[in-house]
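The lines below spell out each chain.
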Amino acid sequence: MNAFEKPILRSTFGLFACILMSFIPSSNSEYTVAICADAVAVGDLDLDGNTDVVVTNTIYSIPEWTGFSFLMNQGGCNFSFTDSVYHYGIREFINIENLDTDPHPEMIFAEGRNIGIVFNNQLNDTLILKTGSHYIVIGMAIGDINNDGLKDIVYILNQDQKWGCFFNNGNKTFSNAHLYSIQNYFPVYIATGDLNSDGRDDIVITGQNTEIYYSIASGFQKVVLKENSLKNYVSVVDLNLDGKADIFTLDREIFPVTTFQIYKNLGNGSFDTIPSVNLPFGTYKCSVLDLNGDTFPDLLSLLSGLSGYVIYYNLGNFQFGNPQYIPVPYLGEFFRNFYCGDIDGNHCPDLITTRKTDQKITNVSILYNDGHGNFGPDPFVSIDEKPSADGILRCYPNPFQSETNINFNIPGSAFVNLSIYDLEGKLINCLINQYLKGGTHSIKWRRLDTNGKSCKPGAYIIYLTVNGQTCRSTKIIVY
(Lines give C-alpha, C1' and ligand atoms only; values in the text may rest on other atoms or scores of the structure.)
Protein backbone atom coordinates (compact mmCIF):
# COMPACT_ATOMS: atom_id res chain seq x y z
CA MET A 1 0.00 0.00 0.00
CA ASN A 2 1.34 3.41 -0.92
CA ALA A 3 1.88 5.95 1.81
CA PHE A 4 0.09 8.60 -0.19
CA GLU A 5 -2.51 8.92 -2.90
CA LYS A 6 -4.58 11.57 -4.58
CA PRO A 7 -8.05 12.02 -3.05
CA ILE A 8 -11.32 12.43 -4.88
CA LEU A 9 -11.95 16.14 -5.43
CA ARG A 10 -15.21 17.67 -6.60
CA SER A 11 -16.29 21.25 -7.07
CA THR A 12 -18.97 22.81 -4.90
CA PHE A 13 -21.38 22.90 -7.82
CA GLY A 14 -22.42 19.35 -6.99
CA LEU A 15 -23.94 18.23 -3.70
CA PHE A 16 -24.57 21.07 -1.22
CA ALA A 17 -23.53 23.75 -3.70
CA CYS A 18 -26.37 25.99 -2.56
CA ILE A 19 -25.32 25.64 1.06
CA LEU A 20 -21.64 26.30 0.46
CA MET A 21 -22.30 29.40 -1.61
CA SER A 22 -24.25 31.03 1.21
CA PHE A 23 -21.52 33.31 2.49
CA ILE A 24 -23.28 36.17 4.25
CA PRO A 25 -21.43 38.87 6.21
CA SER A 26 -23.93 39.61 8.98
CA SER A 27 -21.85 42.40 10.55
CA ASN A 28 -18.31 43.72 10.47
CA SER A 29 -17.13 40.63 12.29
CA GLU A 30 -19.83 37.98 11.80
CA TYR A 31 -19.91 35.73 8.74
CA THR A 32 -22.23 32.91 7.74
CA VAL A 33 -20.59 29.94 6.05
CA ALA A 34 -21.40 26.31 5.23
CA ILE A 35 -22.97 23.75 7.51
CA CYS A 36 -21.03 22.40 10.51
CA ALA A 37 -18.05 24.77 10.63
CA ASP A 38 -15.28 23.07 12.57
CA ALA A 39 -11.53 23.79 12.54
CA VAL A 40 -10.16 27.15 11.39
CA ALA A 41 -6.76 28.56 10.42
CA VAL A 42 -5.44 31.66 8.65
CA GLY A 43 -2.77 32.51 6.09
CA ASP A 44 -2.17 34.55 2.96
CA LEU A 45 -3.22 31.87 0.49
CA ASP A 46 -2.97 34.00 -2.65
CA LEU A 47 0.02 36.14 -1.55
CA ASP A 48 -1.82 39.42 -2.01
CA GLY A 49 -0.66 40.74 1.37
CA ASN A 50 -4.03 40.07 3.06
CA THR A 51 -4.63 37.26 5.54
CA ASP A 52 -7.34 34.80 4.48
CA VAL A 53 -9.43 32.44 6.63
CA VAL A 54 -10.00 28.73 5.96
CA VAL A 55 -12.77 26.84 7.78
CA THR A 56 -13.28 23.08 7.62
CA ASN A 57 -16.80 21.69 7.49
CA THR A 58 -17.47 18.25 8.98
CA ILE A 59 -20.90 16.62 8.75
CA TYR A 60 -20.98 13.45 10.83
CA SER A 61 -24.49 12.51 9.68
CA ILE A 62 -23.35 12.64 6.04
CA PRO A 63 -19.81 11.20 6.21
CA GLU A 64 -19.41 11.13 2.43
CA TRP A 65 -19.39 14.95 2.38
CA THR A 66 -17.03 17.29 4.12
CA GLY A 67 -15.50 20.48 2.84
CA PHE A 68 -13.59 23.72 3.21
CA SER A 69 -14.98 27.26 3.27
CA PHE A 70 -12.58 29.94 2.04
CA LEU A 71 -12.98 33.50 3.30
CA MET A 72 -10.64 35.46 1.04
CA ASN A 73 -9.54 38.83 2.38
CA GLN A 74 -9.86 41.40 -0.40
CA GLY A 75 -8.17 44.09 1.70
CA GLY A 76 -9.35 46.08 4.67
CA CYS A 77 -10.80 42.87 6.16
CA ASN A 78 -13.48 42.72 3.48
CA PHE A 79 -14.02 39.02 2.85
CA SER A 80 -15.51 37.17 -0.07
CA PHE A 81 -16.42 33.53 -0.48
CA THR A 82 -14.53 32.38 -3.54
CA ASP A 83 -14.44 28.57 -3.69
CA SER A 84 -14.60 25.33 -1.77
CA VAL A 85 -13.84 21.67 -2.19
CA TYR A 86 -15.28 18.53 -0.67
CA HIS A 87 -14.18 14.95 -0.53
CA TYR A 88 -14.32 11.99 1.81
CA GLY A 89 -13.07 12.12 5.38
CA ILE A 90 -13.62 13.73 8.78
CA ARG A 91 -11.64 16.94 9.02
CA GLU A 92 -11.22 18.28 12.57
CA PHE A 93 -7.74 19.84 12.41
CA ILE A 94 -6.10 22.22 9.97
CA ASN A 95 -2.77 24.05 9.81
CA ILE A 96 -1.53 26.52 7.23
CA GLU A 97 2.24 26.28 6.85
CA ASN A 98 4.81 26.43 4.09
CA LEU A 99 6.09 22.93 3.34
CA ASP A 100 8.02 23.51 0.12
CA THR A 101 10.06 26.13 -1.74
CA ASP A 102 7.05 27.79 -3.34
CA PRO A 103 6.07 30.93 -1.37
CA HIS A 104 2.40 29.91 -1.26
CA PRO A 105 1.48 28.19 2.02
CA GLU A 106 0.02 24.70 2.21
CA MET A 107 -3.13 23.55 3.99
CA ILE A 108 -2.45 20.49 6.17
CA PHE A 109 -5.45 18.74 7.66
CA ALA A 110 -6.47 15.53 9.41
CA GLU A 111 -8.48 13.47 6.92
CA GLY A 112 -10.07 10.85 9.14
CA ARG A 113 -7.32 8.30 9.73
CA ASN A 114 -4.93 10.03 7.29
CA ILE A 115 -3.28 13.41 6.76
CA GLY A 116 -4.14 15.58 3.75
CA ILE A 117 -2.17 18.41 2.13
CA VAL A 118 -3.35 21.00 -0.40
CA PHE A 119 -0.25 22.47 -2.08
CA ASN A 120 0.23 26.10 -3.08
CA ASN A 121 -3.46 27.07 -2.93
CA GLN A 122 -4.21 24.68 -5.82
CA LEU A 123 -7.26 22.61 -4.93
CA ASN A 124 -6.41 19.98 -7.56
CA ASP A 125 -2.89 19.53 -6.14
CA THR A 126 -3.72 17.48 -3.06
CA LEU A 127 -1.85 14.65 -1.35
CA ILE A 128 -3.14 12.13 1.20
CA LEU A 129 -0.55 10.62 3.57
CA LYS A 130 -1.69 7.25 4.91
CA THR A 131 -1.05 6.56 8.59
CA GLY A 132 -1.77 2.84 8.24
CA SER A 133 -4.27 2.97 11.11
CA HIS A 134 -7.94 2.00 11.24
CA TYR A 135 -8.57 4.79 13.77
CA ILE A 136 -8.82 8.53 13.21
CA VAL A 137 -6.03 11.02 13.82
CA ILE A 138 -6.94 13.00 16.94
CA GLY A 139 -4.11 15.53 16.89
CA MET A 140 -1.24 16.76 14.74
CA ALA A 141 1.57 19.32 14.79
CA ILE A 142 4.14 20.73 12.38
CA GLY A 143 7.88 21.10 13.03
CA ASP A 144 11.34 20.62 11.56
CA ILE A 145 12.01 17.36 13.36
CA ASN A 146 15.29 16.39 11.67
CA ASN A 147 16.72 19.91 11.14
CA ASP A 148 16.86 19.68 7.35
CA GLY A 149 15.10 23.02 6.79
CA LEU A 150 11.79 21.37 5.85
CA LYS A 151 8.76 21.13 8.10
CA ASP A 152 7.59 17.63 8.97
CA ILE A 153 4.18 16.40 10.19
CA VAL A 154 3.64 14.52 13.46
CA TYR A 155 0.35 13.10 14.72
CA ILE A 156 -1.22 10.91 17.39
CA LEU A 157 -3.49 7.86 17.14
CA ASN A 158 -5.37 7.54 20.42
CA GLN A 159 -6.92 4.11 20.01
CA ASP A 160 -3.73 2.62 18.57
CA GLN A 161 -1.65 4.12 21.42
CA LYS A 162 0.84 5.37 18.86
CA TRP A 163 2.28 8.54 17.44
CA GLY A 164 3.75 8.96 14.00
CA CYS A 165 5.78 11.20 11.73
CA PHE A 166 5.84 11.94 8.03
CA PHE A 167 9.28 13.33 7.18
CA ASN A 168 9.27 15.99 4.48
CA ASN A 169 11.54 15.00 1.58
CA GLY A 170 10.89 18.19 -0.39
CA ASN A 171 9.39 18.44 -3.87
CA LYS A 172 5.95 17.59 -2.49
CA THR A 173 7.01 14.14 -1.30
CA PHE A 174 7.03 12.65 2.20
CA SER A 175 8.34 9.50 3.82
CA ASN A 176 6.11 6.58 4.66
CA ALA A 177 4.57 6.73 8.12
CA HIS A 178 7.10 6.24 10.93
CA LEU A 179 5.08 4.84 13.85
CA TYR A 180 6.14 4.75 17.52
CA SER A 181 4.34 2.94 20.34
CA ILE A 182 3.13 4.70 23.47
CA GLN A 183 3.22 2.59 26.61
CA ASN A 184 0.46 2.41 29.25
CA TYR A 185 -1.72 5.37 28.21
CA PHE A 186 -3.76 6.83 25.37
CA PRO A 187 -2.34 10.03 23.82
CA VAL A 188 -4.54 13.13 23.79
CA TYR A 189 -2.45 16.05 22.48
CA ILE A 190 0.84 16.62 20.63
CA ALA A 191 3.11 19.65 20.20
CA THR A 192 6.55 20.38 18.77
CA GLY A 193 9.40 22.73 19.67
CA ASP A 194 13.16 22.78 20.14
CA LEU A 195 13.63 22.02 23.83
CA ASN A 196 17.43 21.64 23.88
CA SER A 197 18.49 24.29 21.33
CA ASP A 198 20.03 21.78 18.93
CA GLY A 199 18.05 22.96 15.90
CA ARG A 200 15.78 19.91 15.94
CA ASP A 201 12.16 20.27 16.96
CA ASP A 202 11.30 17.80 19.70
CA ILE A 203 7.89 16.26 20.39
CA VAL A 204 5.79 16.48 23.56
CA ILE A 205 2.78 14.18 23.99
CA THR A 206 0.21 14.33 26.77
CA GLY A 207 -2.49 12.02 28.08
CA GLN A 208 -2.28 10.17 31.36
CA ASN A 209 1.47 10.85 31.13
CA THR A 210 3.42 13.80 29.74
CA GLU A 211 6.39 12.63 27.68
CA ILE A 212 9.17 14.28 25.68
CA TYR A 213 10.57 12.62 22.59
CA TYR A 214 13.89 14.33 21.89
CA SER A 215 14.84 14.24 18.22
CA ILE A 216 18.36 12.86 17.80
CA ALA A 217 20.33 11.71 14.75
CA SER A 218 19.52 8.05 15.39
CA GLY A 219 15.80 8.53 16.10
CA PHE A 220 14.10 9.66 19.32
CA GLN A 221 14.98 9.60 23.00
CA LYS A 222 11.99 9.37 25.34
CA VAL A 223 11.89 11.17 28.69
CA VAL A 224 8.85 10.87 30.97
CA LEU A 225 8.12 14.29 32.43
CA LYS A 226 5.00 13.45 34.46
CA GLU A 227 3.15 10.22 35.17
CA ASN A 228 -0.47 9.52 36.14
CA SER A 229 -1.70 13.09 35.73
CA LEU A 230 -4.15 13.46 32.86
CA LYS A 231 -3.50 16.45 30.57
CA ASN A 232 -5.57 17.36 27.52
CA TYR A 233 -3.42 20.17 26.08
CA VAL A 234 0.27 20.98 25.71
CA SER A 235 2.21 23.86 24.21
CA VAL A 236 5.96 24.34 23.78
CA VAL A 237 6.61 28.05 24.30
CA ASP A 238 9.17 30.34 25.96
CA LEU A 239 7.01 31.71 28.78
CA ASN A 240 9.70 33.73 30.60
CA LEU A 241 11.63 34.94 27.52
CA ASP A 242 14.93 33.42 28.61
CA GLY A 243 15.59 31.86 25.21
CA LYS A 244 14.61 28.34 26.31
CA ALA A 245 11.29 26.74 25.36
CA ASP A 246 9.14 25.76 28.34
CA ILE A 247 6.25 23.28 28.45
CA PHE A 248 2.71 24.39 29.29
CA THR A 249 0.06 21.74 30.04
CA LEU A 250 -3.64 21.93 30.85
CA ASP A 251 -5.50 19.35 32.92
CA ARG A 252 -8.78 17.86 31.83
CA GLU A 253 -11.57 19.97 33.30
CA ILE A 254 -13.13 18.89 36.59
CA PHE A 255 -16.05 21.30 36.44
CA PRO A 256 -15.90 24.14 37.18
CA VAL A 257 -12.12 24.15 37.68
CA THR A 258 -9.29 23.56 35.21
CA THR A 259 -5.66 23.37 36.29
CA PHE A 260 -2.57 24.27 34.29
CA GLN A 261 0.98 23.13 34.95
CA ILE A 262 4.20 24.71 33.68
CA TYR A 263 7.57 22.99 33.36
CA LYS A 264 10.38 25.57 33.32
CA ASN A 265 13.22 24.66 31.00
CA LEU A 266 16.50 24.91 32.92
CA GLY A 267 18.61 23.74 29.99
CA ASN A 268 20.67 20.55 29.70
CA GLY A 269 17.48 18.47 29.58
CA SER A 270 16.30 19.58 33.06
CA PHE A 271 12.91 21.02 33.95
CA ASP A 272 11.61 22.67 37.10
CA THR A 273 7.94 22.03 37.92
CA ILE A 274 6.20 25.34 38.65
CA PRO A 275 3.35 25.02 41.20
CA SER A 276 0.09 24.30 39.39
CA VAL A 277 -2.59 26.98 39.08
CA ASN A 278 -6.34 26.39 39.34
CA LEU A 279 -8.43 28.40 36.89
CA PRO A 280 -11.83 29.42 38.30
CA PHE A 281 -13.50 28.81 34.93
CA GLY A 282 -13.91 25.52 33.12
CA THR A 283 -12.15 25.27 29.75
CA TYR A 284 -11.78 22.62 27.09
CA LYS A 285 -9.48 24.39 24.62
CA CYS A 286 -6.79 27.03 24.96
CA SER A 287 -3.88 28.73 23.24
CA VAL A 288 -0.68 30.32 24.56
CA LEU A 289 0.56 33.42 22.70
CA ASP A 290 1.28 37.12 23.18
CA LEU A 291 -2.03 39.00 23.07
CA ASN A 292 -1.13 42.44 24.46
CA GLY A 293 2.15 43.25 22.71
CA ASP A 294 4.49 42.89 25.69
CA THR A 295 6.19 39.80 24.10
CA PHE A 296 5.21 37.53 27.04
CA PRO A 297 2.94 34.65 25.93
CA ASP A 298 -0.50 34.86 27.54
CA LEU A 299 -3.15 32.18 28.12
CA LEU A 300 -6.37 32.34 26.10
CA SER A 301 -9.03 29.94 27.38
CA LEU A 302 -12.23 28.92 25.57
CA LEU A 303 -14.92 28.56 28.23
CA SER A 304 -16.79 25.27 28.49
CA GLY A 305 -20.13 27.03 28.79
CA LEU A 306 -19.74 28.53 25.27
CA SER A 307 -20.19 32.05 26.60
CA GLY A 308 -16.83 33.40 25.49
CA TYR A 309 -13.16 33.42 26.42
CA VAL A 310 -10.96 34.30 29.36
CA ILE A 311 -7.46 35.75 29.02
CA TYR A 312 -4.83 35.37 31.73
CA TYR A 313 -2.07 37.86 30.98
CA ASN A 314 1.50 36.76 31.59
CA LEU A 315 3.09 39.09 34.16
CA GLY A 316 6.54 37.49 33.88
CA ASN A 317 8.33 35.03 36.14
CA PHE A 318 5.55 32.49 35.49
CA GLN A 319 2.94 34.68 37.16
CA PHE A 320 -0.44 35.34 35.52
CA GLY A 321 -2.91 38.16 36.15
CA ASN A 322 -6.60 38.06 36.96
CA PRO A 323 -8.95 36.66 34.31
CA GLN A 324 -10.21 39.08 31.65
CA TYR A 325 -13.51 38.01 30.10
CA ILE A 326 -14.28 38.31 26.37
CA PRO A 327 -17.95 37.58 25.59
CA VAL A 328 -18.92 35.82 22.36
CA PRO A 329 -22.71 35.46 22.01
CA TYR A 330 -24.22 31.98 22.05
CA LEU A 331 -26.11 31.24 18.82
CA GLY A 332 -27.36 27.74 19.50
CA GLU A 333 -24.14 25.91 18.67
CA PHE A 334 -23.12 22.68 20.36
CA PHE A 335 -19.38 23.11 19.74
CA ARG A 336 -16.87 25.90 19.19
CA ASN A 337 -13.39 26.04 17.79
CA PHE A 338 -11.02 28.97 17.44
CA TYR A 339 -7.75 30.22 16.03
CA CYS A 340 -5.60 33.27 16.72
CA GLY A 341 -3.90 35.05 13.82
CA ASP A 342 -3.35 38.56 12.51
CA ILE A 343 -6.21 39.41 10.14
CA ASP A 344 -6.11 43.22 10.03
CA GLY A 345 -2.35 43.62 9.62
CA ASN A 346 -1.37 45.31 12.90
CA HIS A 347 0.88 42.30 13.76
CA CYS A 348 -1.32 41.40 16.73
CA PRO A 349 -3.29 38.12 16.87
CA ASP A 350 -7.02 38.46 16.31
CA LEU A 351 -9.57 35.89 17.49
CA ILE A 352 -11.55 33.79 15.00
CA THR A 353 -14.37 31.59 16.37
CA THR A 354 -16.34 28.90 14.54
CA ARG A 355 -19.72 27.75 15.79
CA LYS A 356 -20.83 24.23 14.91
CA THR A 357 -24.53 23.51 14.54
CA ASP A 358 -26.73 21.09 12.60
CA GLN A 359 -28.34 24.00 10.81
CA LYS A 360 -27.75 24.59 7.10
CA ILE A 361 -25.70 27.66 7.86
CA THR A 362 -23.20 28.29 10.61
CA ASN A 363 -21.39 31.31 11.89
CA VAL A 364 -17.79 32.50 12.02
CA SER A 365 -16.94 35.54 14.13
CA ILE A 366 -13.79 37.65 14.17
CA LEU A 367 -12.77 39.86 17.08
CA TYR A 368 -9.92 42.23 16.28
CA ASN A 369 -7.05 42.94 18.67
CA ASP A 370 -5.96 46.56 19.10
CA GLY A 371 -2.46 45.45 20.09
CA HIS A 372 -3.03 45.87 23.81
CA GLY A 373 -5.31 42.89 24.35
CA ASN A 374 -8.57 44.76 23.76
CA PHE A 375 -10.87 43.01 21.28
CA GLY A 376 -13.62 44.53 19.17
CA PRO A 377 -15.69 43.89 16.03
CA ASP A 378 -13.83 46.32 13.75
CA PRO A 379 -10.31 46.10 12.27
CA PHE A 380 -7.75 48.41 13.85
CA VAL A 381 -5.06 48.62 11.17
CA SER A 382 -4.90 47.25 7.66
CA ILE A 383 -1.65 46.21 6.02
CA ASP A 384 -2.53 48.55 3.17
CA GLU A 385 -2.91 51.49 5.53
CA LYS A 386 0.31 53.42 5.84
CA PRO A 387 -0.26 56.22 8.35
CA SER A 388 1.16 59.53 7.33
CA ALA A 389 4.45 59.45 9.09
CA ASP A 390 7.76 60.74 8.20
CA GLY A 391 9.59 57.56 7.31
CA ILE A 392 10.39 56.04 3.95
CA LEU A 393 10.73 52.25 3.80
CA ARG A 394 12.07 50.40 0.77
CA CYS A 395 13.43 46.89 0.23
CA TYR A 396 15.44 45.54 -2.66
CA PRO A 397 15.62 43.04 -4.13
CA ASN A 398 12.04 41.97 -3.53
CA PRO A 399 11.24 39.10 -3.99
CA PHE A 400 14.59 37.70 -2.88
CA GLN A 401 16.22 34.39 -2.12
CA SER A 402 19.13 34.96 0.29
CA GLU A 403 19.13 38.57 1.50
CA THR A 404 17.44 41.92 0.98
CA ASN A 405 18.51 45.51 1.68
CA ILE A 406 16.11 47.52 3.85
CA ASN A 407 16.40 51.30 3.55
CA PHE A 408 14.43 53.79 5.60
CA ASN A 409 14.53 57.49 6.40
CA ILE A 410 13.54 59.40 9.53
CA PRO A 411 13.52 63.23 9.70
CA GLY A 412 15.04 63.54 13.17
CA SER A 413 16.45 61.59 16.09
CA ALA A 414 13.94 59.04 17.36
CA PHE A 415 13.53 55.63 18.93
CA VAL A 416 13.20 53.20 16.03
CA ASN A 417 11.98 49.63 15.89
CA LEU A 418 12.35 47.70 12.65
CA SER A 419 10.83 44.21 12.88
CA ILE A 420 9.74 41.43 10.58
CA TYR A 421 6.54 39.47 11.17
CA ASP A 422 4.82 36.61 9.41
CA LEU A 423 1.26 37.03 8.23
CA GLU A 424 -0.13 35.48 11.42
CA GLY A 425 1.42 38.26 13.49
CA LYS A 426 4.31 36.21 14.87
CA LEU A 427 7.57 38.09 15.35
CA ILE A 428 10.24 36.61 13.08
CA ASN A 429 13.13 38.95 13.84
CA CYS A 430 13.75 42.38 15.37
CA LEU A 431 16.47 44.07 13.34
CA ILE A 432 16.62 47.45 15.10
CA ASN A 433 15.33 48.58 18.50
CA GLN A 434 17.26 51.70 19.52
CA TYR A 435 17.62 55.46 19.20
CA LEU A 436 18.86 56.60 15.79
CA LYS A 437 19.84 59.97 14.38
CA GLY A 438 17.73 61.51 11.66
CA GLY A 439 18.58 60.62 8.10
CA THR A 440 18.77 57.55 5.89
CA HIS A 441 19.61 54.16 7.35
CA SER A 442 20.20 50.77 5.77
CA ILE A 443 20.33 47.21 7.08
CA LYS A 444 20.42 43.77 5.48
CA TRP A 445 18.10 40.90 6.36
CA ARG A 446 19.48 37.48 5.49
CA ARG A 447 16.12 35.68 6.01
CA LEU A 448 17.09 34.57 9.54
CA ASP A 449 14.71 34.40 12.50
CA THR A 450 15.53 35.32 16.09
CA ASN A 451 17.16 31.92 16.61
CA GLY A 452 19.41 32.27 13.58
CA LYS A 453 17.44 29.73 11.54
CA SER A 454 16.68 30.36 7.88
CA CYS A 455 13.05 31.37 7.26
CA LYS A 456 10.82 29.41 4.95
CA PRO A 457 9.79 30.80 1.55
CA GLY A 458 6.68 32.92 1.77
CA ALA A 459 5.35 36.39 2.51
CA TYR A 460 6.46 38.55 5.45
CA ILE A 461 5.74 42.07 6.62
CA ILE A 462 8.38 44.63 7.68
CA TYR A 463 7.16 47.25 10.14
CA LEU A 464 8.96 50.54 10.80
CA THR A 465 7.93 52.03 14.15
CA VAL A 466 9.14 55.49 15.16
CA ASN A 467 8.66 56.67 18.74
CA GLY A 468 6.09 53.97 19.34
CA GLN A 469 4.00 54.69 16.24
CA THR A 470 3.98 52.32 13.27
CA CYS A 471 4.61 54.63 10.35
CA ARG A 472 5.45 52.31 7.48
CA SER A 473 4.95 48.67 6.52
CA THR A 474 5.78 46.73 3.40
CA LYS A 475 5.42 43.17 2.24
CA ILE A 476 8.43 41.13 1.19
CA ILE A 477 8.54 37.75 -0.53
CA VAL A 478 11.15 35.08 0.15
CA TYR A 479 11.41 32.40 -2.54
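Check the entry above for the structure.
The notes below deal with the structure included here. Owing to the predicted nature of the structure, the values given are computational and were not obtained by experimental measurement.

Let's talk about the sheet that holds strand E14 (residues 139-143)
Spatial strand order, E14-E15-E16-E19: 4 strands in an open sheet with antiparallel pairing. Where the open sheet ends on each side, the last strands, each with one partner, are E14 and strand E19 (178-181). Mean inter-strand twist for the sheet, computed between neighbouring axes without regard to direction, equals 20°. Sheet topology note: the E14/strand E15 (residues 152-157) ladder contains 5 bridges and is antiparallel. The residue bridging Met140 from the neighbouring strand is Tyr155, located in E15.

What about the pairing of strand E39 (residues 404-410)?
In terms of burial, E39 is largely enclosed, as 5 of its 7 residues are buried. As paired elements, strand E38 (residues 392-396) and E39 share 5 bridges and run antiparallel to each other. Opposite Tyr396, over in E39, you have Asn405 as the bridge partner. Bridging between E39 and strand E42 (residues 439-445) involves 7 bridges; their strand directions are antiparallel. Across the sheet, residue Asn405 finds its bridge partner in E42, namely Lys444.

So, the sheet that holds strand E43 (residues 458-466)
The antiparallel open sheet is built from 4 strands, whose spatial order is E41-E40-E43-E44. Strands with a single pairing partner mark the edges of an open sheet, and in this sheet they are strand E41 (427-436) and strand E44 (469-478). With strand direction ignored, the average angle separating the axes of adjacent strands in the sheet is 15°. Bridge count for strand E40 (residues 414-422) against E43 is 7 bridges, and the pairing is antiparallel. Bridge pairing in E43 places Leu418 opposite Leu464.

Concerning unusual backbone geometry
For the bond running from Tyr396 to Pro397, omega is -10°, close enough to zero to count as cis. Looking at where Pro397 falls in the secondary structure, it is placed in the loop between E38 and E39. Here the bond from Asn398 into Pro399 is cis, since omega is 5°, no more than 30 degrees from zero. Take Pro399: it is sitting in the loop between E38 and E39. One non-glycine residue, Asn228, lies in positive phi territory at about 55°. If you trace the backbone, Asn228 turns up in the loop between strand E23 (219-226) and strand E24 (231-237). What makes Asn228 exposed here is its relative accessible area of 65%.

Side note on the side chain of Asp144
Along the polypeptide, Asp144 turns up in the loop between E14 and E15. It is Lys453 that comes nearest to the buried, bridge-free Asp144 among opposite-charge side chains, at 4.5 Å. In this structure the side chain of Asp144 is engaged in a polar contact, spanning 3.2 Å, whose partner is the backbone nitrogen of Asp148. Not counting residues within four places of it along the chain, the set of residues in contact with Asp144 comprises Gly149, Leu150, Lys151, Asp152, Gly199, Arg200 and Asp201.

Some details on the environment of Leu250
Locating Leu250 in the fold gives a position in strand E25 (residues 246-251). Remark: the alpha-carbon pair of Leu250 and Leu230, spanning 20 residues in sequence, is separated by 8.7 Å. Ignoring sequence-local partners within four residues, the contact set of Leu250 consists of Lys231, Asn232, Tyr233, Thr258, Thr259, Phe260, Leu279, Thr283 and Cys286.

Considerations on the nonpolar core
Core analysis: the biggest nonpolar cluster contains 28 residues, and Val53, Val54, Phe79, Ile94, Met107, Ile343 and Ile352 have the highest contact counts within it. Contact partners of Val54, with chain neighbours within four places excluded, come to Ala39, Val40, Ala41, Leu45, Phe68, Ser69, Phe70, Ile94, Ile96 and Met107. Membership of the second largest hydrophobic core comes to 22 residues, among which are Leu393, Cys395, Ala414 and Val416.

Calculation rules
- In every chain, residue numbers begin from 1 and rise along the written sequence.
- Given that this is a predicted model, residues contribute local features only at a pLDDT of at least 70 and side-chain atom pairs are listed and counted only at 80 or more, while totals for whole chains, interfaces and linings are drawn from all residues.
- For the side-chain quantities, the full set of heavy atoms in the structure was used; hydrogens and water were omitted.
- Strands were regarded as paired on the criterion that DSSP finds at least two bridges between them.
- Helix and strand labels come from DSSP, where a helix needs a run of H or I of at least four residues and a strand needs a run of E of at least two; each type is numbered from the N terminus.
- Every axis corresponds to a line fitted to the C-alpha atoms, with the helix fit spanning only the stretch in contact, and the corresponding angles, defined between N-to-C directions, vary from 0 to 180 degrees.
- Partly exposed residues are those whose accessible area sits between 20% and 50% of the maximum for their type, while under 20% is buried and over 50% is exposed, using a 1.4 Å probe and protein chains only.
- Charged residues are defined narrowly, with Lys and Arg counted positive, Asp and Glu counted negative, and His plus the chain ends left uncounted.
- Only one rule defines a salt bridge in this text: a Lys or Arg side-chain nitrogen within 4 Å of an Asp or Glu carboxyl oxygen.
- The definition of a polar contact used here is a pair of N or O atoms within 3.5 Å, where within protein one atom must be able to donate a hydrogen and the other to accept one, and adjacent residues in sequence count solely through side-chain atom pairs.
- Any two residues having at least one pair of non-hydrogen atoms within 4.5 Å are treated as being in contact.
- Throughout this description, the term nonpolar core refers to a set of buried Ala, Val, Leu, Ile, Met, Phe, Trp, Tyr and Cys residues connected via side-chain atoms within 4.5 Å.

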